[in-house]
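Chain residues, written in single-letter form:
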2 protein chains.
Amino acid sequence: MQLLDGTACSQQIRQEIAAQVNELKAAGKRVPHLAAVLVGNDGASQNYVAMKVRDCEEIGFNSTVIRMDENTSEEELLAKIDELNKDEDIDGFIVQLPVPPQIDENKVILAIDSAKDVDGFCPENVGNMCLGLPTFLSATPNGIMELLKRYDIETEGKHCVVLGRSNIVGTPMAILMSRNSKPGNATVTIAHSRTANLKELCRSADILIVAIGKTEFVTADMVKEGAVVIDVGQTRVPDDSRKSGFRNVGDVDFENVKDKCSYITFVTGGVGPMTRASLLQNTLKAYQRR
Amino acid sequence: MQLLDGTACSQQIRQEIAAQVNELKAAGKRVPHLAAVLVGNDGASQNYVAMKVRDCEEIGFNSTVIRMDENTSEEELLAKIDELNKDEDIDGFIVQLPVPPQIDENKVILAIDSAKDVDGFCPENVGNMCLGLPTFLSATPNGIMELLKRYDIETEGKHCVVLGRSNIVGTPMAILMSRNSKPGNATVTIAHSRTANLKELCRSADILIVAIGKTEFVTADMVKEGAVVIDVGQTRVPDDSRKSGFRNVGDVDFENVKDKCSYITFVTGGVGPMTRASLLQNTLKAYQRR
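Residues numbered from 1 in each chain as written. Chains lettered and ligands numbered in written order. Predicted model: local features only at pLDDT ≥ 70, side-chain atom pairs only at ≥ 80, totals over all residues.

Trainee: An account of the overall build of chain A is requested, with residue identities and associated values reported.
Mentor: When helices and strands are counted, chain A shows ten helices and eleven strands. Here the C-alpha atoms of chain A give a radius of gyration of 19 Å, agreeing with the 19 Å that 2.2 N^0.38 yields for 290 residues. Expressed as a percentage of the 290 residues in chain A, the buried residues total 49%. Across chain A, the fraction of contacts at a sequence separation of at least 24, relative to all contacts at a separation of at least 6, is 68%. (Helix = DSSP H or I, 4+ residues; strand = E, 2+ residues; numbered from the N terminus. Rg over C-alpha atoms; globule rule 2.2 N^0.38 Å. Buried ≥ 20, exposed ≤ 12 C-beta atoms within 10 Å, placed from the backbone. Contact = placed C-beta atoms within 7 Å.)

Trainee: I'd like to hear about the environment of glycine 226 of chain A, residue by residue, with values.
Mentor: Note that glycine 226 of chain A resides in the loop between β7 (207-210) and β8 (227-231). Judged by the 11 C-beta atoms lying within 10 Å of it, glycine 226 of chain A falls in the exposed class.

Trainee: Tell me what's going on with the sheet that holds strand β4 (residues 92-95) of chain A, and back it up with residues and numbers.
Mentor: Residue and element names in this part refer to chain A. One open sheet accounts for three strands, arranged β3-β2-β4; its pairing is parallel. Edge positions in the sheet fall to β3 (62-68) and β4, since each of these pairs with one other strand and no more. On average, each strand axis in the sheet is tilted by 15° relative to the strand beside it, whichever way the strands run. Two strands pair when backbone bridges link them, and strand β2 (residues 33-39) and β4 are joined in this way by four bridges, in the parallel orientation. Across the sheet, alanine 36 pairs through a bridge with isoleucine 94, a residue of β4. Running over the sheet, helix α2 (residues 43-59) touches β2 and β3 and is turned about 170° from β2. (Pairing = 2+ DSSP bridges. Axes fitted to C-alpha atoms, helices over the stretch in contact; angles between N-to-C directions.)

Trainee: Please provide a residue-by-residue account of the sheet that holds strand β4 (residues 92-95) of chain B, values included.
Mentor: Residues and elements named next belong to chain B. Across the sheet, three strands lie side by side as β3-β2-β4; this open sheet has parallel pairing. Edge positions in the sheet fall to β3 (62-68) and β4, since each has one partner strand and no second. When strand polarity is set aside, the average angle formed by the axes of neighbouring strands in this sheet is 15°.

Trainee: I'd like to hear about helix α3 (residues 74-86) of chain B, residue by residue, with values.
Mentor: It helps to recall that an α-helix has 3.6 residues per turn; residues three or four apart then point in one direction. Residues and elements named next belong to chain B. For α3, with 13 residues, the first-to-last C-alpha span of 19 Å sits near the 18 Å given by 1.5 Å per residue. Turning to α3, its buried residues number three or more, namely Leu77, Ile81 and Leu84. Seen from one end, α3 has its buried residues packed into an arc of 60°, which puts them on one side. Exposed residues on α3 whose side chains face more than 90 degrees from its buried face are Glu75, Ala79, Glu83 and Lys86. For α3, the secondary structure elements touched by its buried residues are β2 (33-39), β3, β4 and α4 (105-111). (Expected span 1.5 Å × (residues − 1). Arc of directions from axis to C-beta.)

Trainee: Kindly report on the relation of the copies chain A and chain B, identifying the contributing residues and their values.
Mentor: Turning one copy of the chain about an axis and sliding it along that axis gives the other copy, so a rotation and a shift relate them. Each copy superposes on the other: chain A lies on chain B with an RMSD of 0.0 Å after a rotation of 180° and an axial shift of 0.0 Å. The superposition of one copy onto the other is thereby described by a two-fold rotation axis. Here 100% of the contact residues of chain A are again contact residues in chain B; the copies associate through an equivalent surface. (Least-squares fit on C-alpha atoms with pLDDT ≥ 70 in both.)

Trainee: Please set out the nonpolar core residue by residue, giving values where relevant.
Mentor: Within the largest apolar cluster, 173 residues are counted, with the highest numbers of intra-cluster contacts made by Ile209 of chain A together with Ile209 of chain B. The residues touching isoleucine 209 of chain B, leaving out its near neighbours within four places in the chain, are Ile144, Cys160, Val162, Leu163, Met173, Ile230 and Val232 of chain B. (Core = buried A, V, L, I, M, F, W, Y, C linked by C-beta atoms within 7 Å.)

Trainee: Can you break down the domain arrangement of chain A residue by residue, with the values?
Mentor: Entries for chain A in the domain assignment read domain 1 (29-113) and domain 2 (139-272). Centre-to-centre separation of domain 1 of chain A and domain 2 of chain A, based on C-alpha positions: 28 Å. (Domains from an automatic or database assignment.)

Trainee: Tell me about the interface of chain A and chain B, and name the residues and values.
Mentor: Chain A puts 28 residues into the contact, and the matching count from chain B is 28 residues. Those elements that provide at least two residues to the side of chain A that touches chain B are α5 (123-131), α7 (170-178) and β6 (187-191) of chain A. The greatest single-element share of the side of chain A that touches chain B, amounting to eight residues, is contributed by α5 of chain A. Bridge count between β6 of chain A and strand β6 (residues 187-191) of chain B: three bridges; the pairing is antiparallel. Within the sheet, the bridge partner assigned to isoleucine 190 of chain A lies in β6 of chain B and is valine 188 of chain B.

Trainee: Which residues make up the environment of threonine 155 of chain A, and what are the values?
Mentor: Residue and element names in this part refer to chain A. Structurally, threonine 155 can be placed in the loop between α6 (139-150) and β5 (159-163). For threonine 155, a count of 22 C-beta atoms within 10 Å corresponds to the buried category. Taking the C-alpha atoms as reference, threonine 155 lies 5.5 Å from alanine 186; in sequence the two are 31 residues apart. Those residues within four positions of threonine 155 in sequence are excluded, and the remaining contacts are Leu148, Cys160, Met177, Pro183, Gly184, Asn185, Ala186 and Ile207.

Trainee: Tell me about the packing of helix α6 (residues 139-150) of chain B against helix α7 (residues 170-178) of chain B, and please be specific about residues and values.
Mentor: All names here are of chain B. Relative to each other, α6 and α7 sit at 35°, their axes nearing to 8 Å. Here α6 and α7 pass one another in a crossing that is right-handed. Packed against α6, whose contacting residues are Pro141, Ile144 and Met145, the element α7 presents Pro172, Met173 and Leu176 at the interface. Residue classes in the contact of α6 with α7 are distributed as six nonpolar, no polar and no charged. (Left-handed = near helix turned anticlockwise from the far one by under 90°. Nonpolar A, V, L, I, M, F, W, Y, C, P; charged D, E, K, R; others polar.)

Trainee: For the environment of alanine 174 of chain A, give the residues involved together with the corresponding values.
Mentor: All names here are of chain A. Relative to the helices and strands, alanine 174 resides in helix α7. Residue classification places alanine 174 among the buried residues on the basis of 28 C-beta atoms within 10 Å. As for alanine 174 and alanine 186, which are separated by twelve residues in sequence, their C-alpha atoms are 9.2 Å apart. Those residues in contact with alanine 174 that sit more than four places away from it in its chain are Val162, Val188 and Ile190.

Trainee: Give a detailed account of the confidence of the model for chain A, specifying residues and quantitative values.
Mentor: Mean pLDDT for chain A: 97, with 100% of residues reaching 70 or above. Two numbers describe this predicted complex: its pTM, 0.95, and its ipTM, 0.94. (pLDDT = per-residue confidence, 0-100.)

Trainee: Help me get a handle on unusual backbone geometry, residues and values and all.
Mentor: Residues and elements named next belong to chain A. That bond from leucine 97 to proline 98 is cis: its omega, 0°, falls within 30 degrees of zero. With respect to the helices, strands and loops of the structure, proline 98 is situated in the loop between β4 and α4 (105-111). For the bond running from lysine 182 to proline 183, omega is -10°, close enough to zero to count as cis. Relative to the helices and strands, proline 183 is located in the loop between α7 and β6. Phi at aspartate 152 is positive, roughly 55°, even though this residue is not glycine. On the secondary structure map, aspartate 152 appears in the loop between α6 and β5. C-beta crowding within 10 Å serves as the criterion here: with 8 such atoms nearby, aspartate 152 is assigned to the exposed category.

Trainee: Break down α7 of chain A for me, with residues and values.
Mentor: Taking burial as the measure, the nine residues of α7 of chain A include nine buried ones, the bulk of the element. Of all the residues in α7 of chain A, the buried ones are Gly170, Thr171, Pro172, Met173, Ala174, Ile175, Leu176, Met177 and Ser178 of chain A.

Trainee: With reference to specific residues and values, describe the pairing of strand β11 (residues 261-264) of chain A.
Mentor: Residues and elements named next belong to chain A. Sheet analysis places strand β1 (residues 2-3) next to β11, joined by two bridges and oriented parallel. Counterpart to glutamine 2 in the pairing with β11 is tyrosine 263. In the sheet, β8 pairs with β11 via three bridges, with the strands oriented parallel. The residue of β11 that forms the bridge with valine 228 is tyrosine 263.

Set out below in structure tokens:
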């Protein structure tokens, strides 16, 4: 079993980007600028945004965090998005999801200018991804593709089962893995809550990508010997033994699954850092396109 | 075995739309207007466009065909598209594909205003489809969904294998069948030329949707007893015994497959008329949105 080290791999990507930023600086040019909008006080969201800012600092991007109150109205957030769309100094921005319940998430996604949509969530970018056109790929699927690529994992002709059909992970993941590309060219099955014979289906997977948000859902009896297992899940579970009071648990029962796998990611240092690295790649791309 | 009668089903849809057009006329209102751009002299394309015009006439839509020479430049076609985008009198339009080789198909698709893109090919509409937002669904996948719906075929939890991963049929079909909707909620596998064990995979399908453009590719040994088989393929094969000099052949070996199926479409009167009906539905929607 080999652990897919998202921390090391994302470090490599960050160094590659940092080298490009240094070239820009040496040439006296402006550096890329990412903004993040954070509405409310969700602990996980605050943490994600803090990490994204740290990433920017490390590689030499400018970053701005816009904090908005828990009670922010939809109108106020849309006005802020409009402002960022027009802000010449910002190359790309994200609105950290989820947003509080008084705000319609779809309206948020639709309001972001596709040229600055570095999360790759807006229809035009999703459509470009489907059509194989230049786009901002959704960060998590793109991070997973990078991980497969940098570990040179063969995907062509393999059976890839994607557990979960969400807009931001499962569905784009399935599309990317089925494309005529490398990685890609896999035979892809999209499975979800209505899937019958889920165990049997998972056992038929050469590559199993799990993004359903159910802690330790995938058990050893669901994994084929030699499979590649990618765990996207990350749920905070209370844990009094930790200073933080919680620990992150994945969708895969790592301890019991790992020895059956050829490659596997762990909940920490796996997909998460790759997702963050993708955001930086997209921000650089947004900068370059202008 | 029951034949899925796309002719009858599309007739029903056309009658529903015609009733709405009559209401518009009775209220003294303008009727929907579809335009089709036809570049060159491809026989099949001319035939498709002629049928689309006939459909419009039958249900009371206005229609316009713009014929352009085989040697039309990309620039000329893009200028025509720009004109149609701005034409207040046109609710929706299509550019009949394929276009001659001197024209980049992607540029054509990207040039069409998404609000008039009744083929549902442009990135914004494809992305909306992926995200489950209001859109113009690509005509063939939408036609197949209508066929499944009107025959009340159970899809939830079924294994649907889609053979082919094209932008306009295979990929959107896979996405729609995997959605939390009715029809939908199927476990979907996207298979293609790189798929290993294709026979075995097809045999595991409760619903088999074939769109690969290889005549009579799916043989009886690839179909499970009781399966639903949808044949999207339509290839012109020379046939001297016909007045036209050709006959249409599907991707499925209909004669030998049909008796194993619970439901099946035939190459003629199957998916084709449903695709055309979808175009009319999209045109009506484009009209209503304005």
